[in-house]
Amino acid sequence: MPDGPIDLHTHSSVSDGTETPTQLIRAAVAAGLSAVAITDHDSTAGWQEAFTAAAGTGLTVIPGMELSTNYGPASVHVLAYLFDPNNGEVVAETARIRDGRLHRAERIVERIAADYDLTWDDVLAESSDGTTLGRPHIADALVRKGFVPNRSAAFESILHWRSGYYEKYYAPSPLDGVRVIVAAGGVPVLAHPATHGRYRTMDDAVIGTLADAGLFGLEVGHRDNSEDGKRWLIKVAKKFGLELTGSSDYHGEGKPNRLAENSTSPEVLEKLIARATGSTPFAG
Ligand code: AMP
Ligand code: FE
Ligand code: FE
Ligand code: ZN
């Protein structure tokens, strides 16, 4: 693998990134990355296009996904790498989550439509066919209609979970999520586990349980983790023998996060690849 940072958390338009998988791979090459993981929410639909786009570029693509899970009232994200995308449980569970997200988005839009001139078609116009729908697409419709200046403003107001329009969606528990990924030969890493809300919900004991089920690592390098939280994650990783990763959570223009603003060491990526049995990295 050539030199260059390793970024293990990015999104394309298959979920809530603003760039197609091809554009995402071009951006990763332009940023000088040696390896990038495509980790769309609850979908592997971008893998093939990403591989094709990476061919001949020297960039290694790690096929991945950011699996939605629910831990009590909290939404917990599990990054999953190198699993078998055709595994029956993975296919069934992600289809169920995407379907839940779709109907949940419809209900959120219904509620917003009581107060704002917004239709379901406005939201569909902001996403491509088969996209994992989320609040970011509703945000884009609100921006286009001129109700808010950008996605972040939408999340701080109309799309906030306390706004009165919010609704949750079906997702498995973090433990079941980890089990499904491990059973599919994949390698699970807890995404941004120390953001404001989550720092209090995930404690040592819970992470210990996930470690017993095969959790590989904790995403310590992420702009949403608090500094206090990062120190806590480093301690927890030592305690349970977990690896530490860092990544950008790039969403194209959908978020300020820039590629490689956080990165993962080549040694950790090597261990991650060695652990996986579900699929292999694509060496472009
Ligand atoms: P949802 O999964 O539909 O509840 O929406 C949450 C997703 O929206 C997260 O996965 C983020 O990628 C994205 N998101 C959260 N906050 C923001 C923000 N302030 N600006 C843009 N995207 C955001
Ligand atoms: Fe996202
Ligand atoms: Fe996330
Ligand atoms: Zn993400």
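Residues numbered from 1 in each chain as written. Chains lettered and ligands numbered in written order. Predicted model: local features only at pLDDT ≥ 70, side-chain atom pairs only at ≥ 80, totals over all residues. Heavy atoms only, no water.

**Considering the coordination of the iron ion (ligand 2)**
Now for step 1: Note on the iron ion (ligand 2): its protein donors are Asp16 (OD), Asp16 (OD), His41 (NE2) and His251 (NE2). The metal-donor distances range over 2.1 to 2.8 Å.
Now for step 2: One chain supplies every donor to the iron ion (ligand 2), and in sequence these donors are spaced D-x24-H-x209-H.
Now for step 3: Here the iron ion (ligand 3) and the iron ion (ligand 2) are spaced 5.5 Å from one another. With aspartate 16 in the loop between strand E1 (6-10) and helix H1 (21-30) and histidine 41 in the loop between strand E2 (35-38) and helix H2 (47-54), this residue pair connects regions lying 25 residues apart in the sequence. The pair formed by aspartate 16 and histidine 41 is uniform in burial state, with each residue classed as buried. (Donors = N, O, S within 2.8 Å, 3.2 Å for Na, K, Ca; no water. Helix = DSSP H or I, 4+ residues; strand = E, 2+ residues; numbered from the N terminus. Buried < 20%, exposed > 50% of the residue type's maximum accessible area, 1.4 Å probe, protein only.)

**Digging into the site of ligand 1**
Now for step 1: Taken together, 15 residues lie around ligand 1, and Asp16, His41, Arg104, Arg135 and His251 are the ones closest in.
Now for step 2: Residue aspartate 16 places a side-chain N or O atom 3.0 Å away from an oxygen atom belonging to ligand 1.
Now for step 3: Take arginine 104: an N or O atom from its side chain is 2.8 Å from an oxygen atom of ligand 1.
Now for step 4: Against a free-state accessible area of 500 Å², the protein chains account for coverage of 84% of ligand 1.
Now for step 5: If one sorts the elements of the shell around ligand 1 by residue count, helix H6 (residues 151-156) sits on top with three residues.
Now for step 6: Of the residues that constitute the shell around ligand 1, the class distribution is three nonpolar, six polar and six charged. (Near = heavy atom within 4 Å. Polar contact = N/O pair within 3.5 Å; in protein donor to acceptor, adjacent residues only side chain to side chain. Areas by Shrake-Rupley, 256 points an atom, 1.4 Å probe, with all protein chains shown as cover. Nonpolar A, V, L, I, M, F, W, Y, C, P; charged D, E, K, R; others polar.)

**Observations concerning the coordination of the iron ion (ligand 3)**
Note on metal sites: the ideal angle is 109.5 degrees for four tetrahedral donors, and 90 or 180 degrees for six octahedral donors.
Now for step 1: The coordination sphere of the iron ion (ligand 3) contains the protein donors Glu66 (OE), His77 (ND1) and His192 (NE2), at a distance range of 2.0 to 2.2 Å.
Now for step 2: Donor residues binding the iron ion (ligand 3) come from one chain and are separated in sequence as E-x10-H-x114-H.

**Focus: the environment of aspartate 140**
Now for step 1: Within the fold, aspartate 140 resides in helix H5 (residues 135-144).
Now for step 2: A relative accessible area of 18% places aspartate 140 in the buried class.
Now for step 3: Considering only alpha carbons, one finds aspartate 140 and arginine 223, 83 residues apart in sequence, at a separation of 22 Å.
Now for step 4: Leave out the neighbours within four places in its chain, and aspartate 140 touches Glu126 and Arg151.
Now for step 5: Side-chain polar atoms of aspartate 140 contact the side chain of arginine 151, separated by 2.8 Å. (Contact = heavy atoms within 4.5 Å.)

**Quick word on the packing of helix H9 (residues 204-212) against helix H10 (residues 227-240)**
Now for step 1: Two elements in contact, H9 and H10, have axes whose closest approach is 10 Å; the angle formed by their N-to-C orientations is 45°. Put simply, H9 runs oblique to H10. For the pair H9 and H10, the crossing hand works out as right-handed. For the pair H9 and H10, contact is made by Asp204, Ile207, Gly208 and Ala211 and by Trp232, Val236, Lys239 and Phe240, respectively.
Now for step 2: Per-class residue counts for the contact of H9 with H10 are five nonpolar, one polar and two charged. (Axes fitted to C-alpha atoms, helices over the stretch in contact; angles between N-to-C directions. Parallel < 35°, antiparallel > 145°, perpendicular 65-115°, else oblique. Left-handed = near helix turned anticlockwise from the far one by under 90°.)

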